[in-house]
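Analysis of the macromolecular model
These are the residues of each chain, in order.
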Amino acid sequence: MKPFLLYCLLSFGYKTHAQNLLVNGGFEEENICTEYFKNCAPEAWIATSLFANYYFDATQKGAAKAHTGTHFVGLTAGSLSMQGIRNFIRARLLCGLRKGHQYKFEMYIRSPHRVLDSIGIYFSPQDYLYEKRYFKMITPQLWTVNGLDKTVQDPTVWQKVALLYTADGTEGYITIGNYKRVDYTGIHQAEYRHDYYFFLDDVSLVPVNPNEKLCAQADSVRNAIYSENERHSYLERKVYAYRRNPPPVQPLPSTSQPKVQHIDTLVIPDIFFATASYELTPTSFYLLDSFANKLSQANIDSMIIEGHTDSIGKLAYNEALSKNRAVSVGNYLSGKVAGLEDKVTTRGYAYLQPIASNKTPKGRQMNRRVEILLYRNEE
């Protein structure tokens, strides 16, 4: 036990905490539409087809596997019966990007067809759903061909795409799809009716600068994004109206660069909690006391404590367990450091942010954890 404790204490060095500017990039959170009160689309992401032909559940019989989790998205790359058929998917950013700053874009894609080199990533001020131009008139800023993992030769397996984007400061939305101006040849198989697909999962956009954080309004923007529950014919009517008379562009508040220069991270493994409980065990006290002794209250900007579980059990149960474990750690540390309580934020992510596969006992053990992210002002 002692070597492991030593590793934990030494591991909260200067690690960065990814500030993802895209919500629900793994497509696990499902939208409940107001028209049919059904979960047939991911939260925050809407495809230009406006139908429920792009959201896939890996738990369904005969369904393919997601990269992680149980959901992923599939988009039309072309059609066997008609020319120029495409389906794009868009999402609103949580915060505006800073002009001249770089951002790391990542996603995982796959397809049984040789189409992965022509997928584009397009940033725009206006919602792509209201775009009047034909896709052939639009040039995306990023292309997957420049960021594909070239070591993977089989296009049917999930491949990582990693790209750098330099912002111009006008970005409000991101759109992903096949922007190839001519249709592919030699494709004779369709995934849905006459359409052939490519699939994507685990999309993220984070600042390269570790000190660049989400804007203060990110939570309210996220709430606004999640309140967009129009799908099906409700969405068709909305898009029809706004394509004729687009709404004014609403600039997003830019990401912030606070004075926080250092981020210390501590990972508390599952073994420091009672089994299936949020009660801290006595073995955890040494680790937390050592961490508390290293805190300098004068330099603390904020502390975020995040709880995580494995995928065993229902989401609601795991959400409560992960949140309660984070709260237990926060309460313990607040009792050791005067004034810390007002600077602590606790979150519970259940099994939605795994760091290892939930298919093995070792992976599930790694996923059952609490992460402490301590933001310290530079002295």
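Quick look at the structure, then.

Here is what the cut-offs are and how they apply
- Residues numbered from 1 in each chain as written.
- Predicted model: local features only at pLDDT ≥ 70, side-chain atom pairs only at ≥ 80, totals over all residues.
- Heavy atoms only, no water.
- Helix = DSSP H or I, 4+ residues; strand = E, 2+ residues; numbered from the N terminus.
- Rg over C-alpha atoms; globule rule 2.2 N^0.38 Å.
- Buried < 20%, exposed > 50% of the residue type's maximum accessible area, 1.4 Å probe, protein only.
- Contact = heavy atoms within 4.5 Å.
- Areas by Shrake-Rupley, 256 points an atom, 1.4 Å probe, with all protein chains shown as cover.
- Pairing = 2+ DSSP bridges.
- Disulfide = S-S within 2.5 Å.
- Phe/Tyr/Trp six-rings, centres within 6.5 Å; stacked < 30°, edge-to-face > 60°.
- Lys NZ or Arg CZ within 6 Å of the ring centre and 35° of its normal.

Time to look at the overall build of the protein. Looking only at helices and strands, the protein features six helices and 16 strands. Taking 21 Å as the expected radius of gyration for a compact globule of 379 residues, we find that the protein reaches 22 Å, a close match to that expectation. Each of the three principal axes of the protein carries a C-alpha extent, and together these read 65 × 45 × 45 Å. Per-residue burial for the protein yields a buried fraction of 50% across its 379 residues. Summarising the internal contacts of the protein: among those between residues at least 6 apart in sequence, 79% fall at separations of at least 24. Roughly 18,700 Å² of accessible area belongs to the protein as shown, and the carbon and sulfur atoms make up 53% of that amount.

With that settled, consider the sheet that holds strand β11 (residues 173-178). On the basis of which strands lie adjacent, the open sheet formed by five strands has the order β3-β6-β11-β8-β9 and antiparallel pairing. Edge positions in the sheet fall to β3 (45-47) and β9 (142-143), since each of these pairs with one other strand and no more. Across three bridges, β3 lies against strand β6 (residues 89-92) in antiparallel orientation. Bridged to A47 within β6 is I89.

Below, the discussion takes up the state of the cysteines. A complete count under the given rule lists one disulfide for this structure. Here C95 engages in a disulfide with C215; their sulfurs sit 2.2 Å apart. As the torsion about the S-S bond is roughly -85°, the C95-C215 disulfide counts as left-handed. With C95 in the loop between β6 and β7 (102-110) and C215 in the loop between β12 (195-207) and α2 (218-226), this residue pair connects regions lying 120 residues apart in the sequence. Each member of the pair, C95 together with C215, is buried. Here C33 stays free of any disulfide, with the sulfur of C40 as its closest cysteine sulfur at 4.6 Å. Accessibility expressed as a relative area gives 0% for C33, which makes it buried.

The next point concerns the packing of aromatic side chains. Taken as a whole and judged by the stated rule, the model has 18 aromatic pairs. Each ring, one from F56 and one from Y197, has its centre 6.1 Å from the other, and the planes form 90°; the classification is edge-to-face. With F56 in strand β4 (residues 55-57) and Y197 in strand β12, this pair connects stretches of sequence that are 141 residues apart. Following the ring pairs from residue to residue traces out a cluster consisting of F88, Y122, Y128, Y134, F135 and Y179. Geometry around F199 places R110 over its ring, the cationic atom sitting 4.5 Å from the centre. Sitting over the face of the ring of Y375, K213 holds its NZ or CZ atom 4.2 Å from the ring centroid.

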